[in-house]
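# A structural walkthrough
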Amino acid sequence: MFVFLAVELTLLFVVISYAVGVLQHYIPAQKIQSILSSQNGRGYITAALLGAITPFCSCSTIPFLKGLLRARAGFGTMMVFLFASPLLNPIIIGLFAITFGIKVAVFYFVVAMGVSVIGGYLLEKLGFESAIKPEALEAPKPSCCTTSCCGKAKPESKWLSIWRSTWSDFKSVLPYLLGGIAIGSVIYGFVPTELIARFASDNNPLAIPVAAVIGIPLYVRAEAVIPLSAALAAKGMGLGAIMALIIGSAGASLTEVILLKSLFRNRLIAAFLLVIIGMAILAGFTYHWLF
């Protein structure tokens, strides 16, 4: 599990970071600022829809988020994207529809979209933008020449310059990435599904909050945890708790939290987790009452 995730996330991080660098080369920062402005409601909806069409997991969202930070996009809209991206994409909604039915898929989409927008808006209004680390807003400075900065060597091509920035970014987050993957893999490999089902069964009045919290340390994509939920239901896990587990595990992960430490101060990370857990609990109880 560790090797698989390390290879997968390394490739995703490098490829997405490079792609974001190319986009930044062709799309001026002012354009991104105008599209994802927090000064109007349209920016929040745009960020949520951008998250809904990008097939990123909780960790591969980070390099895209870095690009938005450096482009000085609106803080609230960036947080909306961070919340929505791992939870909403056509594959996830399709799996929900196949596994649980159209009504449940629509319910999930509305809750994930709505709470993401409200959470991003509230975090901006509460002043959490000040908890972004200053270095997260600055792009790494690539070398100016292919050999040295003597002024006589041939200037680097734009593609090589973007690659150097990408590689510098990757090296800075590699310790966080490997540490988070190691811890998440141990939890994934040694915590049996029977234990999760027992703690989050219908007989436990705290099943939904427990399921929401259990999901955070796991690194499981929504595309994987949705089919897994059928097995958990067969072992006695309540459907409301399953909804909470899906949102908790897909919306955040220990690996993502460790990566976010390179960008955010602890109070913003805590607020991010509070929104995800709150979304999971709200969806779980509402799902339990309605379905």
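Residues numbered from 1 in each chain as written. Predicted model: local features only at pLDDT ≥ 70, side-chain atom pairs only at ≥ 80, totals over all residues. Heavy atoms only, no water.

The next point concerns the overall build of the protein chain. Counting its regular elements, the protein chain contains 14 helices and 0 strands. N-terminal to C-terminal, the α/β element order of the protein chain is α-α-α-α-α-α-α-α-α-α-α-α-α-α. Buried residues in the protein chain amount to 49% of all 291 residues. Contacts spanning at least 24 positions in sequence make up 82% of the contacts within the protein chain whose residues lie at least 6 apart. (Helix = DSSP H or I, 4+ residues; strand = E, 2+ residues; numbered from the N terminus. Buried < 20%, exposed > 50% of the residue type's maximum accessible area, 1.4 Å probe, protein only. Contact = heavy atoms within 4.5 Å.)

Between its terminal C-alpha atoms helix 12 (residues 239–251) stretches 18 Å, which fits the 18 Å expected from 13 residues at 1.5 Å a residue. For helix 12, the tally of buried residues reaches 12 of 13 residues, placing the bulk of the element in the interior. Among the residues of helix 12, Gly 240, Ala 241, Ile 242, Met 243, Ala 244, Leu 245, Ile 246, Ile 247, Gly 248, Ser 249, Ala 250 and Gly 251 are the ones counted as buried. (Expected span 1.5 Å × (residues − 1).)

Bringing the nonpolar core into the picture now. Core analysis: the biggest nonpolar cluster contains 74 residues, and Met 79, Phe 96, Tyr 108, Met 243, Leu 260, Phe 264 and Leu 268 have the highest contact counts within it. Dropping the residues within four chain positions of it, Tyr 108 is found in contact with Leu 87, Leu 88, Ile 92, Ile 93, Phe 96, Met 243, Ile 246 and Ile 247. (Core = buried A, V, L, I, M, F, W, Y, C linked by side-chain atoms within 4.5 Å.)

Bringing a nonpolar patch on the surface into the picture now. Together, Phe 2, Val 3, Val 7, Leu 11 and Leu 178 make up an exposed nonpolar region whose accessible area comes to about 440 Å². The element best represented in the nonpolar patch is helix 1 (residues 2–26), accounting for 4 residues. Among the secondary structure elements, Val 3 is positioned in helix 1. (Patch = residues over 30% accessible without salt bridge, like charges linked within 9 Å, V, L, I, M, F, W, Y side chains within 5 Å. Areas by Shrake-Rupley, 256 points an atom, 1.4 Å probe, with all protein chains shown as cover. Salt bridge = Lys/Arg side-chain N within 4 Å of Asp/Glu carboxyl O.)

The next thing to look at is the packing of aromatic side chains. The final tally for this structure, using the stated rule, is 8 aromatic pairs. An angle of 45 degrees between the planes, with centres 6.1 Å apart, marks the rings of Phe 107 and Tyr 287 as tilted. Taken together, the positions of Phe 107 in helix 7 (residues 102–125) and Tyr 287 in helix 14 (residues 266–290) put the pair 180 residues apart, joining distant regions of the chain. Neither residue differs from the other here; Phe 107 and Tyr 287 are each classed as buried. By way of ring pairs, the aromatic residues Tyr 18, Trp 163 and Trp 167 are connected into one cluster. (Phe/Tyr/Trp six-rings, centres within 6.5 Å; stacked < 30°, edge-to-face > 60°.)

Turning to the packing of helix 7 against helix 12, a few remarks are in order. Two elements in contact, helix 7 and helix 12, have axes whose closest approach is 13 Å; the angle formed by their N-to-C orientations is 45 degrees. The angle between helix 7 and helix 12 places the two elements in the oblique class. Once helix 7 is placed against helix 12, the crossing between them reads as right-handed. Along the contact surface, helix 7 presents Val 104, Phe 107 and Tyr 108, while helix 12 presents Met 243, Ile 246 and Ile 247. (Axes fitted to C-alpha atoms, helices over the stretch in contact; angles between N-to-C directions. Parallel < 35°, antiparallel > 145°, perpendicular 65-115°, else oblique. Left-handed = near helix turned anticlockwise from the far one by under 90°.)

Bringing the UniProt feature "transmembrane region" (unreviewed entry) in the protein chain into the picture now. Summarizing the sequence annotation, UniProt attributes the feature "transmembrane region" (unreviewed entry) to residues 43–65, 77–98, 104–123, 173–191, 237–259 and 268–290 in the numbering used throughout. Spanning residues 104–123, this segment combines 100% helix with 0% strand, and its end C-alpha atoms are found 28 Å apart. Helix makes up 100% of residues 268–290 and strand 0%, whereas the separation of the span's terminal C-alpha atoms amounts to 33 Å. (UniProt positions renumbered as here; feature names shortened; annotations may be inferred.)

Further remarks concern unusual backbone geometry. In this structure, Arg 72 is a non-glycine residue whose phi angle is positive, near 60 degrees. If you trace the backbone, Arg 72 turns up in the loop between helix 4 (61–70) and helix 5 (75–84).

Before going further, it helps to spend a moment on the packing of helix 5 against helix 7. In the contact formed by helix 5 and helix 7, the axes pass within 8 Å of each other and the chain directions differ by 145 degrees. For helix 5 against helix 7, the interelement crossing comes out right-handed. Judged by residue contacts, Phe 75, Gly 76, Met 79, Val 80, Phe 83 and Ala 84 of helix 5 engage Ser 116, Val 117, Gly 119, Gly 120, Leu 123 and Glu 124 from helix 7.

What follows deals with the side chain of Ser 262. Mapped onto the elements of the fold, Ser 262 is located in the loop between helix 13 (254–260) and helix 14. Residue classification places Ser 262 among the buried positions, given a relative accessible area of 16%. A polar atom in the side chain of Ser 262 sits 2.7 Å from the backbone oxygen of Leu 259. (Polar contact = N/O pair within 3.5 Å; in protein donor to acceptor, adjacent residues only side chain to side chain.)

Once that is clear, we can look at the environment of Leu 36. Along the polypeptide, Leu 36 turns up in the loop between helix 2 (29–35) and helix 3 (41–53). With a relative accessible area of 5%, Leu 36 lands in the buried category. On a C-alpha basis, the gap between Leu 36 and Thr 77 in space is 6.0 Å, while along the polypeptide they are 41 residues apart. If near-sequence neighbours (up to four positions away) are discounted, Leu 36 is found in contact with Gly 43, Thr 46, Ala 47, Leu 68, Ala 73, Gly 74 and Thr 77.

Turning our attention to the side chain of Ser 116. Here Ser 116 lies in helix 7. Ser 116 has contacts with Val 80, Phe 83, Ala 84 and Met 279, leaving out every residue within four places of it along the chain.

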